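The lines below spell out each chain.
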Amino acid sequence: MKTPGLTRRSALRWGCGHCLGMAGLFGAASALAQPADASLAPTSNALPDRFGRPSLDSDEGGLWAMMDREETRLRRSPFVLRDKALTQYVQDLACRLGGDHCPDIRVHVVRTPLFNANMAPNGMMQVWTGLLLRVENEAQLAAVLGHEIGHYLERHSTERLRDAKSRMAFAQFMGLFGAVGALGQLGVLAGSFAFSRDHETRADRLGMQLMQRSGYDGRQAAQVWENLLGELKVTGGEDAGKRSPMMATHPPVETRRADLLQLAGTTPGRLGEDEFLKATSTHRLDWMLDEVKRGQYEESLLLFDRMLAKRANDAQALFSRGEVYRLRAGPDDFAKSLADLNETVRLESAPLQAHRSLGLLHKQRSDAVAATQAFEKYLSVAPDAPDATLIKTYISGLTL
Amino acid sequence: MKKIILAALITVLAGCGTTIVKVEGDQLVNNRMRVRVTDAWNKVSLVNNKQPYDIWTQEGMALDQLRLWAALPSGQSLVVSTQSTPSGQTAPRLPTFMAGMQPDQLVNLFEVMYSVDGSLVTMNKVEPTVFAGEKGVRLEFAVMRKSDGVQLNGVAWAAIRKGELYAASFVAPRLSFFPRLVSKAESVVKTAQIQG
Amino acid sequence: MSLNVRFLLRACALLAVLIGVNAYAQSSKNLAPGFTNRPVNSKLVVVPVDMELFSISAGGVPEPRADWTEAAGKHFRASLKAMQPVFGTTTLSLAEADLDELSEINALHGAVAQSVSLHHLPGFIKLPTKNDQLDWSLGDSVKPLKDKTGADYALFIWIRDSYASPERKAAMVAMALFGVGLQGGSQIGYASLVDLNSGRVVWFNTLRRVSGDLREEASAMETVATLLNSFPTVQ
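Residues numbered from 1 in each chain as written. Chains lettered and ligands numbered in written order. Predicted model: local features only at pLDDT ≥ 70, side-chain atom pairs only at ≥ 80, totals over all residues.

For chain A, the helix and strand inventory stands at 18 helices and 3 strands. Put simply, chain A has 400 residues, and 40% of those count as buried. Considering only intrachain contacts with a sequence separation of at least 6, the fraction spanning at least 24 residues in chain A is 63%. (Helix = DSSP H or I, 4+ residues; strand = E, 2+ residues; numbered from the N terminus. Buried ≥ 20, exposed ≤ 12 C-beta atoms within 10 Å, placed from the backbone. Contact = placed C-beta atoms within 7 Å.)

Let us now look at the overall build of chain B. Secondary structure assignment for chain B yields 3 helices and 9 strands. Counting from the amino terminus, helix and strand elements in chain B follow one another as α-β-β-β-β-α-β-β-β-β-α-β. Taking 16 Å as the expected radius of gyration for a compact globule of 196 residues, we find that chain B reaches 16 Å, a close match to that expectation. Structurally, chain B occupies a C-alpha span of about 45 × 40 × 35 Å along its principal axes. Within chain B, contacts between residues separated by at least 24 positions form 51% of all contacts whose residues are at least 6 apart in sequence. (Rg over C-alpha atoms; globule rule 2.2 N^0.38 Å.)

What follows is about the interface of chain C and chain B. At the interface, 24 residues of chain C touch 28 residues of chain B. Residue contributions to the side of chain C that touches chain B peak at 11 residues, all from helix α4 (residues 103-119) of chain C.

A few words now on the pairing of strand β3 (residues 124-128) of chain A. Residues and elements named next belong to chain A. The buried fraction of β3 is high, at 5 of 5 residues. Of the two faces of β3, the one holding M124, Q126 and W128 and the one holding M125 and V127 are both buried throughout. Relative to β3, strand β1 (residues 106-110) is paired through 5 bridges, and the arrangement is parallel. Looking across to β3, one finds that V110 is bridged to W128. As paired elements, strand β2 (residues 117-119) and β3 share 3 bridges and run antiparallel to each other. The residue of β3 that forms the bridge with M119 is M125. Where β2 folds back onto β3 in an antiparallel hairpin, the turn is made up of 4 residues, including G123, whose phi is positive at roughly 100°. (Pairing = 2+ DSSP bridges.)

Okay, helix α6 (residues 138-153) of chain A next. All names here are of chain A. With 16 residues, α6 should cover 22 Å at 1.5 Å per step; its first-to-last C-alpha distance of 21 Å lies within 8% of that length. Burial within α6 is extensive, with 16 of its 16 residues counted as buried. In the segment just after α6, R155 is the residue with positive phi, at about 50°. (Expected span 1.5 Å × (residues − 1).)

Residue and element names in this part refer to chain A. When cut into domains, chain A gives domain 1 (69-264) and domain 2 (281-398). Facing the 11 residues of domain 1 at the interface are 13 residues of domain 2. Contributions of two or more residues to the side of domain 1 that touches domain 2 are made by α5 (129-134) and α9 (219-236). For the side of domain 1 that touches domain 2, a count of residues per class yields 5 nonpolar, 3 polar and 3 charged. (Domains from an automatic or database assignment. Nonpolar A, V, L, I, M, F, W, Y, C, P; charged D, E, K, R; others polar.)

This part covers the environment of D290 of chain A. With respect to the helices and strands, the residue D290 of chain A is situated in helix α12 (residues 284-293). Setting aside residues up to four positions removed in sequence, D290 of chain A forms contacts with P113 and T129 of chain A.

What follows concerns the nonpolar core. If you look at the biggest cluster of nonpolar residues, it comprises 187 residues, and the most contacted ones within it are Y166 of chain B together with A154 and L155 of chain C. Lining this core are residues from two domains, each supplying at least three of them: domain 1 (69-264) and domain 2 (281-398) of chain A. Once you skip the residues sitting within four places of it in the chain, L155 of chain C turns out to touch L44, V46, V47, A191 and L193 of chain C. In this structure, L63, W64 and A65 of chain A together with A66 of chain C belong to the second largest nonpolar core, which totals 5 residues. (Core = buried A, V, L, I, M, F, W, Y, C linked by C-beta atoms within 7 Å.)

A separate point is unusual backbone geometry. Geometrically, the link from L121 of chain C to P122 of chain C is a cis peptide bond, its omega value of 5° lying close to zero. With respect to the element layout, P122 of chain C can be found in the loop between α4 and α5 (143-149). In this structure, S366 of chain A takes a positive phi of about 60° despite not being glycine. Residue position: S366 of chain A is located in the loop between α16 (353-364) and α17 (368-381).

All right, on to the confidence of the model for chain B then. All names here are of chain B. Scored by pLDDT, chain B comes out at a mean of 90, with 91% of its residues at no less than 70. Low pLDDT (under 50) marks residues 1-8, which in the prediction has 13 contacts with non-local residues, meaning those over four places away or in another chain. What the predictor reports for the complex is a pTM of 0.82 with an ipTM of 0.90. (pLDDT = per-residue confidence, 0-100.)

It is worth spelling out the environment of S58 of chain A at this point. Counting through the fold element by element, S58 of chain A comes out in the loop between α2 (23-29) and α3 (59-76). On a C-alpha basis, the gap between S58 of chain A and A203 of chain A in space is 24 Å, while along the polypeptide they are 145 residues apart.

So, about the sheet that holds β2 of chain A. Residues and elements named next belong to chain A. Pairing within the open sheet is mixed, and its 3 strands lie in the order β1-β3-β2. The sheet is open, and its two edges are formed by β1 and β2, each paired on a single side. Between one strand axis and the next, the sheet turns by 15° as a mean value, whatever way the strands run. Helix α4 (residues 84-98) contacts β1 and β3 of the sheet and is inclined by roughly 135° relative to β1. Contacts between α6 and the sheet are confined to β2 and β3, with β2 contributing the most and set at about 25° to the helix. (Axes fitted to C-alpha atoms, helices over the stretch in contact; angles between N-to-C directions.)

Residues and elements named next belong to chain A. Taking 1.5 Å as the rise per residue, helix α15 (residues 333-346) with 14 residues should run 20 Å; its terminal C-alpha atoms sit 20 Å apart, in good agreement. Looking only at α15, the buried set comprises S337, L338, D340, L341 and T344. Buried positions along α15 lie against α14 (315-328) and α16.

Residues and elements named next belong to chain A. With their axes 8 Å apart at the nearest point, α16 and α17 run at an angle of 160° to one another. By the criterion of interaxial angle, the relationship of α16 to α17 is roughly antiparallel. Regarding α16 and α17, the two cross each other, and that crossing is left-handed. Residues H355, R356, L358, G359, H362 and K363 of α16 touch α17, and the partners they reach there are A370, A371, A374, F375, K377, Y378 and V381. Classifying every residue of the contact of α16 with α17 by side-chain character gives 7 nonpolar, 3 polar and 3 charged. (Parallel < 35°, antiparallel > 145°, perpendicular 65-115°, else oblique. Left-handed = near helix turned anticlockwise from the far one by under 90°.)

All names here are of chain B. Counting buried positions along strand β7 (residues 151-161) yields 8 of 11 residues, so the element is predominantly enclosed. Between the end of strand β6 (residues 134-144) and the start of β7, which pair antiparallel, lie 6 residues, with G149 showing a positive phi angle near 75°. Examined bridge by bridge, β7 and strand β8 (residues 164-173) share 10 bridges and lie antiparallel to one another. Bridging from a neighbouring strand, A159 pairs with Y166 of β8. In this antiparallel pair of consecutive strands, β7 and β8, the connection spans 2 residues, and K162 shows a positive phi of 50°.

The next subject is the packing of α12 of chain A against α14 of chain A. Residue and element names in this part refer to chain A. Packing of α12 against α14 leaves a shortest axis separation of 10 Å and a crossing angle of 15°. Viewed along their axes, α12 and α14 adopt a mutual orientation that is roughly parallel. Between α12 and α14 lies a crossing whose hand is right-handed. Together, R284, L285, M288, L289 and V292 of α12 and Q316, A317, S320, E323 and V324 of α14 make up the contact between the two elements. Considered class by class, the residues forming the contact of α12 with α14 number 6 nonpolar, 2 polar and 2 charged.

Next comes the structure, spelled out in structure tokens:
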């Protein structure tokens, strides 16, 4: 079988003695246009063996040791979630996906309202809460974690360090002979991005393999990117899907979605929606409010719209969307906010702050009766609210 | 992380004419708000990063910061972005003051402003107050700083007069620094008077 | 000569240098106003050094070097040990694991050290109210560190060190022929002595140079000696 990726494979062999087992993968997977190959089906020998600690004087050893120190710092960071149950849930999933590499993978959940996950060469994995908020089920989370494990298994970080070094050296010597200038440097940089894009594509392949062998529906990997595309377009413009976002090394989102669907094929699998929602339920409102605090209203609306399209009676998402409309305060936002918040307080698990927000809306339109009612309800359920004093002055101002 | 913040600060401060001057006695913020300073502060002027607020500090930018806004017009953001937006793309939203904002909306402006770098903001107390002679709002909050994990406490004041925003906010590490310095910030703020 | 004797001789030479330096009036930039020496019976705790070493590739990409960092750590700790006579009779060390529970103080100290570096020493842009003095304090936030160790002073050290690889050195030579100056390696760092009873930073020193080498024992000693130049003795 034709294997256009042969040069990549030899580079890998140079960097990774264990990777011979993956030869079959690359040979079959290199031509995107071909339908998903049966030889891609999970086999017990598809993954490399566990990595021994690289020698201290190697470039890989240097990265590894530095990441060990970074991990020590990360563990001490107040941003790391201390919730053992949630961390264990994500850790268990990473473990299942990583197979024999499970003992080497250490998950840290970081409270930041952006979509991100990464894995360092020493096995340290970070997952940001913005990602946990955006994926809809265990399969989608598995897709992202599997992708990161893919980078780890193929030691892409070390390759990129080596590549960066050789490209920078090349650029420098190009400059030496006067060939520098926008064009020269652009060529070098473009080459650098393409190399990394290659990494991303391979990580997608490997991630798909890992998630499918663990029984998840591979098409959910494409869904992750479809969901993200809308948010990217808010600032990135309509072309965001075709272009790579600034500073990102990922392939354009629209290409990636199509490729992932093709990779997934027709293999059935589970979604794991209930397990995922159960594991994240105690935190979701906090994460939604973190998202609202970003002040990026259009992106937040897309996210909450998507959540509510799946589950119309998600009281927390309804409240959060109502908040976004209220805070954006655009021309038609008042009515939308009111509708969302009125609906929220009808639901069982309505966040307590919904009454406060209703009070604020009514106050804005000088509806004293409705405002007072809502504020008093809020103070009765949340007497120690941070703004209790302020709300009380609102009430006395309204009842004059 | 620490290297990043230091490098960034050095780049911002040490380059191109940034100055720090001592401020004491009567001071004017944006020609529209007068404050009286008994304990001297240091006022930082960033030439290549002009913000719509004055920056004052006691112990240094990495530790405490007092920001002062005066007569910020409706439609202006509380902070200005330093990054340019590539063509075809839209700039991210910035916390923007609008005349007619209610106190709770003013509170949200500060929440967003201090979150913009990935830091986590928690509101602890919000109450009505008088600031610069106008009815306004005072807030106490906490910030978990993203760049180095230092935990800060903060206090802010905001009021609107004739459709313009007058505000101040002070943050410092919650251990030792904030308790020690907040009274200095408060003593400046309570002398605030709108001019014109 | 055996390794131990050589080490000892070097340590003595180092000691002589330090004592010699300390015999002269201290630079007021390094010392907090009113502070000159540590009291005789005071205890000092040395906080685990925060150190990273990099090799700079031909094209200028800094690459972490675990073997160098590990060697440098060893040499650094040995050099600190050799400073025992200068430090005083009771010097304690804190384990890396102990920093877990002291992480907020450590982070706070990092921010203070940044402020001192930026505004005082080297001092890229001064704070007028400081009147050119080393006048920073962590206040009572250091109490948990004092309680844990029983120490009266804590020494914090932070170093980032990079070295030009042979390829980089070759590139430097080649570029120099064309009149282009490339940066080789450099050492940057600070050492900070905090009085755990008051929280004051009583002594501070920085390192900013293009020489120095922590990877070899002898030159590591020299780096330590330079960084801890004028370190306050006991009296």
